[in-house]
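Here is what each chain is made of, one letter per residue.
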Amino acid sequence: LSMQSTERVAVHVVLAGHVPRMPDALACLEAQTCRAFRTVVADHGATEGGRPWLEGRSDLIALRRRGHQDILRDQNDLLALTRSRWEGENLDQRFVLFLAQGVWLEATALEELLRAFDADSNLQIAGPGLAYAEWALDDDGEREQLIPQGTWASAGFSLTKARRLRIRAAGLPDTEALAPDEVFGFPLKAVMVRMSALERLKTSIGWFDEVLDPELAAADLAWRAKRL
């Protein structure tokens, strides 16, 4: 089978809060030039008008949730599901893309990320270029046009041993070199991680520490990766 027809990437999307229509993340996945992925969605039933498009989609794997929304528990459960589906596979050649529901990727994003991982077997984590944009609304309040607001070369969080967390963005005036006791952690907006690396980072409670907030939990995972 060609790469285009073989699943190499599990795209994890957590639907949370008010989701009245097809989220940007799922819409942009429709346009990807690379088709070597499967979308896995955690759905709390909060999709309201969006539920019809989620049902009956054979290309999606939906994990139905009830009750209180817990994004980190969703992320841990999605990873456990993907790991079980890939039992016996070469995890060095399998990847998880964490994608927030409000992110819109360029059509070539997945293709470029896989090309980067294939070119460097030591690469464990990478993300597409990030840009800020806002939807311009029409007179009826419907989204009409996506207006770019600027780009970041890279973005994430820095974390100290005391778990002091702050946003870092390359190119901004307050950007500075990381101190030796700090780590650069990724946000769960749009980042791809090699599954074999995630396998080594799993703890007895899962991948993400569910007592933390999502940003700190992602940085905490990166801290464990640095120690490893």
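Preceding block: the structure.
What comes next concerns the included structure. (Residues numbered from 1 in each chain as written. Predicted model: local features only at pLDDT ≥ 70, side-chain atom pairs only at ≥ 80, totals over all residues. Heavy atoms only, no water.)

## Some details on the packing of aromatic side chains
Right, on to step 1. Inspection of the entire model under this criterion finds two aromatic pairs.
Right, on to step 2. Pairing Phe95 with Phe117 gives two aromatic rings, centres 4.6 Å apart and planes at 40°, and the pair type is tilted. Residue Phe95 is located in strand β4 (residues 95–99), and its partner Phe117 is located in helix α4 (residues 109–119); the two are separated by 22 residues in the primary sequence. The pair Phe95 / Phe117 is uniform in exposure class, with both members buried. (Phe/Tyr/Trp six-rings, centres within 6.5 Å; stacked < 30°, edge-to-face > 60°. Helix = DSSP H or I, 4+ residues; strand = E, 2+ residues; numbered from the N terminus. Buried < 20%, exposed > 50% of the residue type's maximum accessible area, 1.4 Å probe, protein only.)

## Looking at the pattern of salt bridges
Right, on to step 1. All chains considered together, the criterion is met by nine salt bridges.
Right, on to step 2. Note that Asp43 and Arg64 form a salt bridge whose closest N and O atoms lie 2.7 Å from each other. A residue pair is termed long-range when its members are at least 10 positions apart, and Asp43 in strand β2 (residues 37–43) and Arg64 in strand β3 (residues 60–64) qualify at 21 residues.
Right, on to step 3. Judged by relative accessible area, Asp43 falls into the buried class, the value being 1%.
Right, on to step 4. Across the pair Arg94 and Glu89 runs a salt bridge, and its minimum N-O distance is 2.7 Å.
Right, on to step 5. Glu89 gets classed as partly exposed once you look at its relative accessible area, which sits at 39%.
Right, on to step 6. Here the salt bridges do not stand alone but share partners, grouping Arg83, Glu87 and Glu199 into one network. (Salt bridge = Lys/Arg side-chain N within 4 Å of Asp/Glu carboxyl O.)

## A few points about the pairing of β2
Right, on to step 1. Within β2, six of the seven residues are buried, leaving the element largely enclosed by the surrounding structure.
Right, on to step 2. Pairing of strand β1 (residues 9–15) with β2 involves seven bridges; the strand directions are parallel. Pairing of Val13 across the sheet is with Val41, part of β2.
Right, on to step 3. With five bridges joining them, β2 and β3 adopt parallel strand pairing. Counterpart to Thr39 in the pairing with β3 is Leu60. (Pairing = 2+ DSSP bridges.)

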